[in-house]
Amino acid sequence: MSEALVAPEVPEAAATGASGARQFWRRLRAQRAAVVAAAVVALLVLVALAAPLLTALEGQDPTTYHPSLIDSARGGVPIGSFGGVGADHWLGVEPQTGRDLFARLVYGARVSLGVALGATAVQVLLGVVVGVAAALGNRWVDQLLSRITDIIVAMPLMIMALALLAVVPGSFPRPVLVALIIGFVAWGTIGKITRAQTLTLKELDYVAAARLSGWGTLRIARRELLPGLAAPVITYAALMVPANIAIEAALSFLGVGVKPPTPSWGQMLTSADVWYQAAPQYLLLPAAALFVTVLALTVLGDGIRTALDPRAASRLRVGTGRRQEAKAGRAGTGQSRAGGSGTAEEGTA
């Protein structure tokens with residue numbers, strides 16, 4: 001993800017208030033692709049949360065072996081058509097082990113989404129703290145924190161993650177470890193964005209007025225700066241989630257991420273690379289789940305960015321509802337003009 005994905009200027013929707021929230025939701029609803037993506041993301045999160053209930057309805061779990069459902073003479077290929085699909089196994093079974101594929105897929109959604117959201121939370125926390133501290137500190141603090149951020153940005157993420165995952169004891173919970181490592185290694189970009197936005201905000205009149213009123217640095221940051229940082233931080237966080245899902249999948253695919261028997265989409269792809277001819281659904285299902293999840297989150301992140309900053313055009317050319325966006329923008333401009341004229345009339349009276 002590059003810093004160009006986030007506009008360098010403070011968006012209009014950074015202002016607090018009910019009218020700003022209504023404008024944001026109106027602009028977001030005007031983008032059909034973003035609405036569909038939000039529905040897909042909500043469905044995926046619901047499936048992940050309801051994984052125990054869904055597997056209980058099927059009557060299976062993600063770790064139980066079913067050796068009677070695989071053909072040992074053929075190298076462990078599932079018995080039956082479409083990988084053993086049936087009433088007891090809705091998506092078939094895993095080659096060689098016979099574990100239920102549907103159960104592993106929905107539980108894998110919990111791990112993949114949980115790792116991505118946890119890593120994003122760590123990135124946002126570290127990036128915002130370091131960025132705000134660098135912008136509000138003196139010259140030496142700014143130089144020190146900026147150089148640390150530059151080092152973090154320059155670090156090769158995959159190599160650092162591979163090295164750290166290789167030295168940590170295996171007793172540490174692997175999903176938590178993967179989320180922490182991704183978060184601690186990849187917070188640099190959001191730290192640079194936060195610093196740049198804070199430097200812009202601290203020069204505004206209302207921040208200067210708060211400083212002249214005797215407010216301390218922490219109070220100014222909490223009451224005046226953080227609300228203005230919400231829009232760019234939320235925008236970039238929405239774009240980091242799909243990237244973190246892909247990183248977790250890549251680490252699991254390389255064999256250093258989530259370890260069996262814990263299901264993960266990337267870990268499932270690791271085991272499926274030799275079965276794409278004998279049992280193609282074992283490869284296609286987790287790959288399709290990853291593709292749909294990353295695509296939906298990317299489209300939703302772009303929609304949030306456009307809704308928070310209507311001056312920035314959407315980078316997606318399909319389903320953005322440009323006419324509806326323009327109409328919503330004209331309506332918001334008309335309301336603001338009407339409010340301005342009403343104020344002028346009151347002042348004249």
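This report concerns the structure included in the present document. (Residues numbered from 1 in each chain as written. Predicted model: local features only at pLDDT ≥ 70, side-chain atom pairs only at ≥ 80, totals over all residues. Heavy atoms only, no water.)

### Here we look at the environment of Val40
- Structurally, Val40 can be placed in helix α2 (residues 32-49).
- For the pair formed by Val40 and Ala296, sequence separation is 256 residues and the distance between their alpha carbons is 6.5 Å. (Helix = DSSP H or I, 4+ residues; strand = E, 2+ residues; numbered from the N terminus.)

### Considerations on the packing of aromatic side chains
- Tallying each qualifying case throughout the model produces two aromatic pairs.
- Ring centres of Trp90 and Phe102 lie 5.0 Å apart, and the angle between their planes is 55°; on these two criteria the pair is classed as tilted. Of this pair, Trp90 sits in the loop between β2 (77-78) and α4 (101-136) while Phe102 sits in helix α4, and the two are 12 residues apart along the sequence.
- With relative accessibility at 36%, the residue Trp90 sits in the partly exposed group. (Phe/Tyr/Trp six-rings, centres within 6.5 Å; stacked < 30°, edge-to-face > 60°. Buried < 20%, exposed > 50% of the residue type's maximum accessible area, 1.4 Å probe, protein only.)

### Re the pattern of salt bridges
- Applying the stated criterion across every chain, the model contains six salt bridges.
- Across the pair Arg99 and Glu94 runs a salt bridge, and its minimum N-O distance is 2.7 Å.
- For Arg99, a relative accessible area of 7% puts it in the buried group.
- Classification of Glu94 by relative accessible area gives buried; the value is 3%.
- Across the pair Lys192 and Asp150 runs a salt bridge, and its minimum N-O distance is 2.9 Å. (Salt bridge = Lys/Arg side-chain N within 4 Å of Asp/Glu carboxyl O.)

### Considering the side chain of Thr149
- Checked against the element boundaries, Thr149 lands in helix α5 (residues 139-154).
- Given the relative accessible area of 6%, Thr149 is considered buried.

### Details of unusual backbone geometry
- The phi dihedral of Gln96 is positive, around 70°, even though this residue is not glycine.
- Note on placement: Gln96 falls in the loop between β2 and α4.

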